[in-house]
Amino acid sequence: MIELENVYKIYRMGDSEVHALDGVSLKIEAGEWVAIVGPSGSGKSTLMNVIGCLDQPTSGSYKLDGVEVARMSDRELARVRNRKIGFVFQTFNLLPRTTALANVELPLVYAGARDRRQRAIAALERVGLGDRLHHRPNELSGGQQQRVAIARALVTNPAIILADEPTGNLDSKSGAEIMELFHRLHTEQGLTIVMVTHDPDIAAQCERVVHIRDGKIIGDERNGDRRRVPGIAEHLATPAILVPEPVATGATL
Amino acid sequence: MTIIESIRIALVSLSANKLRSALTMLGIIIGVAAVIALMGVGRGAQQAIDRQINSMGTNLIFVSPGAVNQGGVRSSQGSAQTLTYDDAVALATSGLSAVAAVAPEVRTFGQAVYMGNNVNTQIVGVTPEYETVRNYRVQAGEFINAGNVTARSTVAVIGANIVTTLFNGEDPIGQTIRINNVGFKVIGVLEAKGGGGFGNQDDQILVPLTTVNARLQRGNFRGSNLVSQISVQATDAGQINLAIQQVSELLRERHKIRFEDDFTVRSQQDLLSTANQITGVLTLFLGGVAGISLLVGGIGIMNIMLVSVTERTREIGIRKAIGATRNNILAQFLTEATVLSICGGLIGIAAGAVIARIISSAPIGGTLVLNSVVGMDSILLATLFATAVGLFFGIYPAYRAASLNPIDALRYE
């Protein structure tokens, strides 16, 4: 589904060149839950932006569902961001002075959807905020704001959720709640989730961890498949699944 | 995304910054109000002048003496002494088909005295036809009759303003006023015509034409039968051109002219169009001055929109990340600018109409009433102009917003 091949992203700062991405090749299949881990300045956010079609690589090929992103027009890119990808940011990035409901409706406005209100309400109910529809961001806690952001990412039924340090600005309790929410979305709906983080505990909860440093992928390991398998759904839905298995996560950090 | 959706988004963002939106709008409000009010005043002036010209009578042609051309030196219009009372009589009696009535007049200035009061004013020598041709109405007493003209009687019909200046409201009929030391018996008072400016028709004193030439004129004019102007009334509006032709031919024949006319013929329409030209320029000038303030208002919109784009860089980034296209962002900011300017325009139209009304109610110079006219066309023009200003000055900030890179926009603090 996501296919990067030899992707470079080079920024020019005065005379020197910064290789934010230095020949990255990565393949992510539908339904995977991938953590991209690396220290700050390692290029993980740039990689995220490229995957999210917010940024274009300097060279190399990025195919999304088999379509070369570099050949897409501004309109097509906007459509991809609207329909295929849902963003969740570290700083939530909700529109201030706008109710939760209006924030969640916004992607549907740009999509030109009809039953916007119902769909937005449904999305907010899915993240457990059915009783906070008309609250503005400054009337919500950080965890609640992030859940509004997740509802906004979900409302157009995208195939991929891109989350950039989604728990970075939250206390550990709300952070755990948000992670639980991601688990549920992943297991129940088979959403592909790509999550940037520098927190080993968070990475440990993902199925696959990609380590990146200085714009290069230096490690790619699997924690085991947590996708929902028919028949053992009940077992997988238990909180026990949230306990990370003893794997060598974070060792490279 | 529909237009209604864009407008809704624009209204939400504008109401988030109410004071700033209101101040921005104020620039447009003042501009549009000034355009509406000043154009209304200009129109009012035009109509006032039109009314005055039309009050002179209907279907009129004015014949006046031409310029003296002596040894190649041409004096001013009307300086020639070529038009006589006999010409007027001939015009009236030659059976010209397009001519309904002829009213010659001779004008001079004189000092009128009654008791302790005096006034320097225009003395007009007229014949009985003057009353109907020039559309005068006698309010009290009677107009000059044919007998007065033949007898060179010392009788006078005075304008409405003279009654107040000379008689302090006392009944003037039958009283004697002295004009240039000649006693005149007041036989009538004219109804006020209104109007103002030069040669106010209510400030005149009318006396028999022959009396002016015999007793009031000085120097060469004394005892002559020259006239200052002959007003000719055409049988109807369609006959005016024919009347001009007939009058000119007859006068050329009488004056034995082969090359250049020694008289000029102008129709009332000529006067009207000249006056309209002047007031048109005036209106345009006023509108232009007001237009400048509208332009300044537009620059204010641009300024605020640019600030707003910078301030909301992050918002633009978020919108782009969740699927807004360049055009969506462009439309959003353009709509904001246009909503600002249209709202400002509508308020401005209302304010302008109120100002125009206030100006109307204030009397300007005597009896002249300036009924400013706020026409549908100036309202339409102002609305269109305001919208255009919003679009024009909104395009650049909107373009800046639309071309922001979503990454940079999201990182913006």
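Since we're looking at a predicted model, the values are computed, not measured.

1. A few points about the overall build of chain A
Check the secondary structure of chain A and you find eight helices and 10 strands. The buried share among the 253 residues of chain A stands at 45%. Here the analysis covers contacts within chain A between residues at least 6 apart in sequence; of these, 70% occur between residues at least 24 apart.

2. Some thoughts on the overall build of chain B
Secondary structure assignment for chain B yields 13 helices and 12 strands. The buried share among the 413 residues of chain B stands at 42%.

3. Side note on the pairing of strand S3 (residues 33–37) of chain A
Residues and elements named next belong to chain A. A large share of S3 lies buried, amounting to five of its five residues. Side chains of S3 alternate between two faces, with Trp33, Ala35 and Val37 and Val34 and Ile36 buried alike. Strand direction decides the pairing type here: S3 and strand S8 (residues 192–197), joined by five bridges, are parallel. Across the sheet, Ala35 pairs through a bridge with Met195, a residue of S8.

4. Focus: helix H3 (residues 100–111) of chain A
Burial analysis of H3(A) places 10 of its 12 residues in the buried class, the great majority of the element. Buried residues of H3(A): Ala100(A), Leu101(A), Asn103(A), Val104(A), Glu105(A), Leu106(A), Pro107(A), Leu108(A), Val109(A) and Tyr110(A), and no others.

5. Some remarks on the interface of chain B and chain A
Contacts between chain B and chain A engage 15 residues on the former and 20 residues on the latter. Going through the elements one at a time, helix H1 (3–16), helix H10 (313–321), helix H11 (326–361) and helix H13 (406–411) of chain B are the ones with two or more residues in the side of chain B that touches chain A. Residue composition of the side of chain B that touches chain A, by class: nine nonpolar, three polar and three charged.

6. As for the sheet that holds strand S4 (residues 59–64) of chain A
Residues and elements named next belong to chain A. Spatially, S2-S1-S4-S5 is the arrangement adopted by the four strands of the open sheet, whose pairing is antiparallel. Either end of the sheet is taken by a strand with one partner, and the two such strands are strand S2 (16–28) and strand S5 (67–68). Pairing of strand S1 (residues 2–13) with S2, which is carried by 10 bridges, proceeds in the antiparallel orientation. What sits directly across from Ile2, in S2, is Ile28. Running at roughly 60° to S2, helix H1 (residues 44–51) makes contact with S1, S2 and S4 of the sheet.

7. Notes on the nonpolar core
Membership of the largest hydrophobic core comes to 126 residues, with the highest contact counts inside it found for Ala35(A), Ile36(A), Ala151(A), Val32(B) and Ile36(B). Here this core gets 16 residues from one element, more than from any other, and that element is helix H2 (residues 18–54) of chain B. Excluding anything up to four places from it in sequence, Ile36(B) contacts Gly348(B), Ile349(B), Gly352(B), Ala353(B), Ala356(B), Val374(B), Ser378(B) and Ala382(B). One finds Leu96(B), Ala103(B), Ala156(B) and Ala243(B) within the second-largest nonpolar core, a separate group that totals 51 residues.

8. Examining the sheet that holds strand S6 (residues 85–88) of chain A
All names here are of chain A. With respect to topology, six strands assemble into an open sheet ordered S6-S7-S8-S3-S9-S10, the strand pairing being mixed. At either margin of the open sheet sits one strand with a lone partner, and together these are S6 and strand S10 (216–222). Neighbour-to-neighbour, the strand axes of the sheet open up by a mean angle of 15°, direction not taken into account. As judged from the five bridges shared by strand S7 (residues 160–164) and S8, these two strands associate in the parallel manner. Counted as the bridge partner of Leu162 is Val194 from S8.

9. A closer look at the packing of H1(B) against H11(B)
Residues and elements named next belong to chain B. Their axes nearest at 8 Å, the elements H1 and H11 cross at an angle of 70°. Considering the angle they form, H1 stands roughly perpendicular to H11. Crossing of H1 against H11: the hand is right-handed. Packed against H1, whose contacting residues are Ser6, Ile7, Ile9, Ala10, Leu11, Ser13 and Leu14, the element H11 presents Ala331, Gln332, Thr335, Glu336, Val339 and Leu340 at the interface. Residue composition of the contact of H1 with H11, by class: eight nonpolar, four polar and one charged.

10. Considerations on the confidence of the model for chain B
When pLDDT is averaged across chain B, the result is 85; 92% of the residues are at 70 or more. For this predicted complex, the interface score ipTM comes out at 0.84, while the overall pTM is 0.70.

11. So, the environment of Asn169(A)
All names here are of chain A. Here Asn169 shows up in the loop between S7 and helix H6 (172–189). Along the sequence, Asn169 and Phe89 sit 80 residues apart, while their C-alpha atoms lie 9.7 Å from each other. When near neighbours in sequence (up to four residues on either side) are disregarded, Asn169 contacts Gln90, Thr91 and Gly142.

12. What about unusual backbone geometry?
In this structure, Arg97(A) takes a positive phi of about 55° despite not being glycine. Relative to the helices and strands, Arg97(A) is located in the loop between S6 and H3. Although it is not a glycine, Met115(B) sits at a positive phi angle of roughly 50°. Turning to its location among the elements, Met115(B) is positioned in the loop between strand S4 (99–114) and strand S5 (117–126). Look at Met115(B) and you get exposed, because 11 C-beta atoms sit within 10 Å.

13. Quick word on the environment of Gln269(B)
Examined against the element boundaries, Gln269(B) turns out to sit in helix H9 (residues 268–311). Residues Gln269(B) and Asn59(B), 210 residues apart in the sequence, show an inter-C-alpha distance of 8.4 Å.

14. A few points about the confidence of the model for chain A
Note: predicted coordinates in regions of low pLDDT should not be interpreted at a detailed level. Across chain A, pLDDT averages 86, with 88% of residues at or above 70. Per-element confidence in chain A ranges from a low mean pLDDT of 41 for helix H8 (residues 233–237) of chain A to a high of 94 for helix H5 (residues 142–154) of chain A.

15. What about the environment of Glu142(B)?
All names here are of chain B. Tracing the chain through its elements places Glu142 in the loop between strand S6 (138–141) and helix H5 (146–151). The class for Glu142 is partly exposed, based on 13 C-beta atoms found within 10 Å. Along the chain, Glu142 and Ala156 lie 14 residues apart, while their C-alpha atoms are 9.8 Å from each other. Sequence-distant contacts of Glu142, defined by excluding residues within four places in its chain, comprise Ile187 and Gly188.

Reading guide: rules and limits
Residues numbered from 1 in each chain as written. Chains lettered and ligands numbered in written order. Predicted model: local features only at pLDDT ≥ 70, side-chain atom pairs only at ≥ 80, totals over all residues. Helix = DSSP H or I, 4+ residues; strand = E, 2+ residues; numbered from the N terminus. Buried ≥ 20, exposed ≤ 12 C-beta atoms within 10 Å, placed from the backbone. Contact = placed C-beta atoms within 7 Å. Pairing = 2+ DSSP bridges. Nonpolar A, V, L, I, M, F, W, Y, C, P; charged D, E, K, R; others polar. Axes fitted to C-alpha atoms, helices over the stretch in contact; angles between N-to-C directions. Core = buried A, V, L, I, M, F, W, Y, C linked by C-beta atoms within 7 Å. Parallel < 35°, antiparallel > 145°, perpendicular 65-115°, else oblique. Left-handed = near helix turned anticlockwise from the far one by under 90°. pLDDT = per-residue confidence, 0-100.

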